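This is what each chain is made of:
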Amino acid sequence: MELSVIAYLVLLGAVATLRLVELRISRRHQREMVARGAAKVDDPRFRWMVLLHTSVLIGAAVEVVFLHRPLYPVLAAIFFAIFLAANLVRWWVIRTLGDHWNVQVVNSTSLGVVTSGPFRYVRHPNYAAVFVEMLVLPLIHSAWITALAGSLAHILVLSQRLATEERVLFADAQYRAVMSDKPRFV
């Protein structure tokens, strides 16, 4: 197995490990928010988001290993830089939201509306960053089928997720007042 493939599989493994750590942080935040009066919203489509992320990671690995996708160093460097930038935005979001951040839909507006950090500019910077991350991660090692299929699936899953989340958020008058004039992503 080529060194670039091994390094890429290590990167995919690191992303998967980070996702598991994020799930633990998210569960802790959910418990803390619920204890302070927030309400977890039933979102049966959440499992589709988990399946999508898992499928992109596995699909990229399978495509690179079994379809022998080449590494183009210049393109890999560009896509890796974009991947890192998307992760910086994600961690900026996580840091800004603090205890409000989690991976499921929780109505925490009674605990205050976050309008600092990237939320000064857009309503959903995390979704934009994750979309970019899931698009470029397969492209780092030319797994274009996974990037294309994952992006199309992500659009479907994200549109449903946003409908649920925005229904909850826009039900709060304070959220509507401070966030309704901001774009969703860009």
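Look up: the structure comes first, before these words.
Presented here is an overview of the structure given in this document.

Calculation rules
Residues numbered from 1 in each chain as written. Predicted model: local features only at pLDDT ≥ 70, side-chain atom pairs only at ≥ 80, totals over all residues. Heavy atoms only, no water. Helix = DSSP H or I, 4+ residues; strand = E, 2+ residues; numbered from the N terminus. Rg over C-alpha atoms; globule rule 2.2 N^0.38 Å. Buried < 20%, exposed > 50% of the residue type's maximum accessible area, 1.4 Å probe, protein only. Areas by Shrake-Rupley, 256 points an atom, 1.4 Å probe, with all protein chains shown as cover. Lys, Arg positive; Asp, Glu negative; His and termini not counted. Charge placed at Lys NZ, Arg CZ, Asp CG, Glu CD. 1 Å grid on protein atoms, 1.4 Å probe; cavity = no way out; pocket = protein on both sides within 12 Å on 5 of 7 lines; lining within 4 Å. Points joined across faces, edges and corners; volume = space filled by probe spheres on them. Contact = heavy atoms within 4.5 Å.

Scanning the chain from terminus to terminus reveals 6 helices and 2 strands. Traced from its N-terminal end to its C-terminal end, the chain shows the element sequence α-β-α-α-β-α-α-α. For the chain, the C-alpha radius of gyration of 17 Å lies close to 16 Å, the compact-globule estimate for 186 residues. The principal-axis extent of the C-alpha atoms belonging to the chain is close to 55 × 30 × 25 Å. Considering the chain as a whole, with its 186 residues, one finds that 46% of them fall into the buried category. Summed over its atoms, the accessible surface of the chain is roughly 9900 Å², and 68% of this surface lies on carbon and sulfur atoms. Taken as two groups, the 19 positive and 12 negative side-chain charges of the chain have centres that lie 3 Å from each other.

Attention shifts here to the layout of surface pockets. Think of a ball as big as a water molecule: rolled over the atoms, this probe shows where empty space is left. Taken as a whole, the largest pocket encloses approximately 870 Å³ of empty space. Lining the largest pocket are 40 residues, and of these Trp-101, Asn-102, Val-103, Asn-126 and Arg-161 lie nearest its centre. Among the secondary structure elements, those contributing two or more residues to the lining of the largest pocket are helix H1 (3-35), helix H2 (46-66), helix H3 (73-97), helix H4 (125-139), helix H5 (144-169) and helix H6 (173-179). At 7 residues, H2 tops the list of elements feeding residues into the lining of the largest pocket.

With that settled, the discussion passes to the environment of Trp-144. By the element assignment, Trp-144 lies in helix H5. The spatial distance from the C-alpha of Trp-144 to the C-alpha of Ser-108 is 38 Å, given a sequence separation of 36 residues. Other than its neighbours up to four places away in sequence, Trp-144 contacts Glu-63, Arg-69 and Leu-139.

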